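For reference, the chains in residue letters:
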Amino acid sequence: MTDAGYDEWLDAVGENEGYYLECPEGHGALPPRRVCPECAAADLDRAALPESGTVETFTVCHVAGPSFADEEPYVTAIAEFGPVRLTGVVRGTDPEDVTVDTPVEADKGTNETTGEGLLVLRVR
Amino acid sequence: MFAEAALAARTDSSVPVDDVEEINYGNFMGSLAERQGHQAPLMAEMIGSRCSATRYEEACASAGVAIREAVRSIRSGENDVVLAGGCERMTNLSTAEVTEGLSTAADDLYEIRAGVTFPGAYALMARAYFDRFGGEREDLAHVAMKNHDNAMPNEYAQFHREITVEEALDAPMVSEPLGLFDACPVTDGASAVVLVSEEYAAANDLDAPVSVTGSGQGGDSLALQNRKQLAVTPATERAAAEAYEDAGVTADAVDLVEVHDCFTIAEVLAIEGLGFYDPGEGIGAARRGETTATGERPVNLSGGLKAKGHPVGATGGSQIAEMTRLLRGDHPNSEYVENATVGVTHNAGGTVASAVVHVLEVDR
Ligand SMILES: [Zn+2]
């Protein structure tokens, strides 16, 4: 199954060409969006995703769904990248070393259980 | 299950099934869990009715919207009698399957694909709350203990077991900082409420002292990452503002509350969103004894989702049924709110991407 907008975006993130959608007011959104969720402006342009983000909140998940069965425990975090936030699995450190404000960069990884593409937040 | 709840509602209300004009049926994951879509007509058949029946889906707030639409249709004059509630069967699935099913209330691409489970999403909110306002796991343990205590005498509760703060803190982690006792259980259950117009109640000489006087609903971005802040729930604030205005009451006038505590942190976010506490102040409410049965404004006297159980698509209806019993004086915990006149119910979907609030008042 392909997910219009998302798969292409995740590939771009993996090639260091991550982007977000920006409206004339400067609101950020992630694809697929046809209009700005904040102000409903219809003219959205691609803008480069900042290289570095910071963890705003995170959780160490010990009880996963079937599609993450091989990952337990894993850390999911929401990190701020300028005008957008990204939710991803934190890699490149031990779960206990993640804190709020940990600097991360976005990358495309692989979900070891399903083989699907995965948004990874790599500790910088 | 739904038939059993509907029969109880029929007996309680003494409204004959033939008078029911519409059935508003809440259900979240029946298509996944039971491979049965289109459940509403089936439920009508189960209770011996041929009236029009519609399924409402708004994740954990499914029955809340089913009730709200019943209220609206009666107020519009379209209907005089509506049966509203919901049903959910979950225990036939494995924990992993339930976890996966419940996670479909989140954003498929940006959250589920990144390993966000239902407990995980609330854990993200809990960490954001602690980081911004302070608070600790022990505060949440007091919420769990309170709700287990409240469920003890409730015959409809899933758990009749007291727990201690220590027990809650020592329980296995589900998704840090939330442990096993911070989470509501997996529940099979159903709820049914008969809502009637004032004219119908008067014409049929019904004993119906409790009225829904206010109704409100609010929304927010589906995914947490798209919200401005992670430690507040604007959908609840919007639903509450609408419901309070509708009923002509303020938060201060509310005597007791049933809130959507799918996780302990959710109760904290709810009592702040409903206007009973400023952001950052609700975390210690249970620990300070303000929301316990003997506190100034009891929260979740039924036991809440935490101990009464959370059959997802039925929960919003059970909150109305429990609040009605509490206000009427025939709930095992009514003794704690003998002089109460105004109750509020709060039902939330997903990570509060939707919220439904109702104000109930009793004639004393
Ligand atoms: Zn905009």
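Definitions and limits used
- Residues numbered from 1 in each chain as written.
- Chains lettered and ligands numbered in written order.
- Predicted model: local features only at pLDDT ≥ 70, side-chain atom pairs only at ≥ 80, totals over all residues.
- Heavy atoms only, no water.
- Helix = DSSP H or I, 4+ residues; strand = E, 2+ residues; numbered from the N terminus.
- Rg over C-alpha atoms; globule rule 2.2 N^0.38 Å.
- Contact = heavy atoms within 4.5 Å.
- Lys, Arg positive; Asp, Glu negative; His and termini not counted.
- Charge placed at Lys NZ, Arg CZ, Asp CG, Glu CD.
- Buried < 20%, exposed > 50% of the residue type's maximum accessible area, 1.4 Å probe, protein only.
- Polar contact = N/O pair within 3.5 Å; in protein donor to acceptor, adjacent residues only side chain to side chain.
- Donors = N, O, S within 2.8 Å, 3.2 Å for Na, K, Ca; no water.
- Tetrahedral: all angles 85-135°; square planar, octahedral: opposite > 155°, others 65-115°.
- Core = buried A, V, L, I, M, F, W, Y, C linked by side-chain atoms within 4.5 Å.
- Pairing = 2+ DSSP bridges.
- Domains from an automatic or database assignment.
- Buried area = accessible area lost by both parts, 1.4 Å probe.
- Salt bridge = Lys/Arg side-chain N within 4 Å of Asp/Glu carboxyl O.
- Axes fitted to C-alpha atoms, helices over the stretch in contact; angles between N-to-C directions.
- Phe/Tyr/Trp six-rings, centres within 6.5 Å; stacked < 30°, edge-to-face > 60°.
- Lys NZ or Arg CZ within 6 Å of the ring centre and 35° of its normal.

Caption draft 1: Expanded view of the overall build of chain A. The number of helices and strands found in chain A is one helix and eight strands. For chain A, the succession of helices and strands along the chain, N to C, is α-β-β-β-β-β-β-β-β. For 124 residues, the compact-globule formula gives about 14 Å, and the C-alpha radius of gyration of chain A, at 15 Å, lands near that figure. Projected onto its principal axes, the C-alpha positions of chain A cover 40 × 35 × 25 Å. Residue pairs in contact within chain A that sit at least 24 positions apart in sequence constitute 50% of those at least 6 positions apart. A gap of 4 Å separates the mean positions of the 8 positive and 25 negative side-chain charges of chain A.

Caption draft 2: Spotlight on the overall build of chain B. Summing up its helical and strand segments, chain B has 13 helices and 10 strands in all. A globule of 364 residues ought to have a C-alpha radius of gyration of about 21 Å, and chain B, at 19 Å, matches this closely. Every one of the 364 residues in chain B was classed for burial, and the buried ones make up 62%. Taking as baseline every contact in chain B between residues at least 6 positions apart, the subset at least 24 positions apart corresponds to 77%. Each charge sign in chain B was given a centre, from 25 positive and 57 negative side chains, and these centres are 5 Å apart.

Caption draft 3: Region of the structure containing the side chain of H358 of chain B. Residues and elements named next belong to chain B. Among the structural elements, H358 can be located in strand β10 (residues 354-362). For H358, a relative accessible area of 2% puts it in the buried group. Reaching out from H358, the side chain makes a polar contact with the side chain of S215 at a distance of 3.0 Å. Residue contacts for H358: discarding those within four places in its chain leaves G64, I67, R68, V71, V212, G214, S215, I320, G343, V344 and T345.

Caption draft 4: Representation of the coordination of the zinc ion within the structure. Residue and element names in this part refer to chain A. Within the protein, the atoms that donate to the zinc ion are C23 (SG), H27 (ND1), C36 (SG) and C39 (SG), at distances of 2.1 to 2.3 Å. Every donor counted, the four donor atoms about the zinc ion form angles of 101 to 116 degrees at the centre, which fits tetrahedral coordination. Taken in sequence order, the residues that donate to the zinc ion follow the motif C-x3-H-x8-C-x2-C. For C36, a relative accessible area of 4% corresponds to the buried category.

Caption draft 5: Geometry of the nonpolar core. Formed by 65 residues in total, the largest nonpolar core has its most connected members in Y122, Y244, I265, L274 and F276 of chain B. Taken together, the elements giving at least two residues each to this core come down to α5 (95-103), α6 (118-133), α7 (137-151), α10 (234-247), α11 (264-273), β9 (342-349) and β10 of chain B. Tallying contributions element by element places α6 of chain B first for this core, with 10 residues. Discounting chain neighbours no more than four positions away, the residues touching Y122 of chain B are L178, C262, F263, I265, A266, G350, T351 and V352 of chain B. The next biggest cluster of nonpolar side chains, apart from the first, holds 27 residues, and it includes L10, A47, V55 and A79 of chain A.

Caption draft 6: Expanded view of the pairing of strand β8 (residues 117-123) of chain A. Residue and element names in this part refer to chain A. Where strand β6 (residues 84-91) and β8 come together, three bridges link them in parallel fashion. Looking at the pairing, V90 lines up with L121 of β8. In the sheet, strand β7 (residues 103-110) pairs with β8 via seven bridges, with the strands oriented antiparallel. Bridging across to β8, V104 finds its partner in V123. Hairpin connection, β7 to β8: the antiparallel pair is bridged by six residues, and G115 has positive phi, about 80 degrees.

Caption draft 7: Fine view of the environment of A192 of chain B. Residues and elements named next belong to chain B. One can find A192 in strand β6 (residues 189-196). Taking the C-alpha atoms as reference points, A192 and D220, separated by 28 residues in sequence, lie 28 Å from one another. Each residue touching A192, except ones within four places of it in the same chain, is listed here: A5, A6, A9, L83, A84 and G85.

Caption draft 8: A look at the domain arrangement of chain A. Residue and element names in this part refer to chain A. Splitting chain A by domain gives domain 1 (1-49) and domain 2 (50-124). Inter-centroid distance (C-alpha atoms) of domain 1 to domain 2 is 20 Å. Between domain 1 and domain 2, the contact holds 12 residues from the first and 13 residues from the second. Interface area, domain 1 with domain 2, both sides summed: about 980 Å², of which 72% is carbon and sulfur. When the buried surface of domain 1 facing domain 2 is broken down by residue, L10, V13 and L49 rank first, second and third, together holding 49% of it. Where domain 1 meets domain 2, there are one salt bridge.

Caption draft 9: Region of interest: the sheet that holds strand β3 (residues 81-88) of chain B. Residues and elements named next belong to chain B. Read across the open sheet, the four strands follow the order β2-β1-β3-β6; overall the sheet is mixed. With one partner strand each, in any of the chains shown, β2 (52-56) and β6 form the two edges of the open sheet. Here the strands of the sheet are splayed against their neighbours by 20 degrees on average, with no regard to which way each runs. Taken together, the eight bridges between β3 and β6 define a ladder with antiparallel strand orientation. The partner of C87 across the bridge, within β6, is A190. Strands in contact with helix α3 (residues 39-46) are β1 (22-26) and β2; relative to β2, the strand with the most contacts, it is inclined by about 130 degrees.

Caption draft 10: Just the interface of chain B and chain A, in detail. Each side of the interface is counted separately: chain B has 31 residues, and chain A has 35 residues. Interface area for chain B against chain A, summed over the two sides, is near 2700 Å², with a carbon-plus-sulfur share of 53%. The three residues of chain B that bury the most area against chain A are Y110, R113 and Q225 of chain B, which together make up 28% of that side's buried surface. The interface formed by chain B and chain A contains three salt bridges. Note that E38 of chain A is salt-bridged to K228 of chain B, the shortest N-O span being 2.8 Å.

Caption draft 11: Examining the packing of aromatic side chains more closely. Under the definition given, this model contains nine aromatic pairs over all chains. Taken together, a centroid distance of 5.0 Å and an interplanar angle of 85 degrees make the contact between Y6 of chain A and Y110 of chain B edge-to-face. Of this pair, Y6 of chain A sits in helix α1 (residues 6-14) while Y110 of chain B sits in the loop between α5 and α6, which puts the two residues in different chains. Judged by relative accessible area, Y110 of chain B falls into the buried class, the value being 5%. Each residue in the set Y6 and W9 of chain A together with Y110 of chain B is aromatic and connected to the rest through ring pairs, giving one cluster. In this arrangement the basic side chain of R46 of chain A is found over the ring face of Y19 of chain A, its NZ or CZ atom lying 4.1 Å from the centre. The cationic tip of R127 of chain B hangs over the ring face of F58 of chain A; the distance from NZ or CZ to the ring centre is 3.8 Å.

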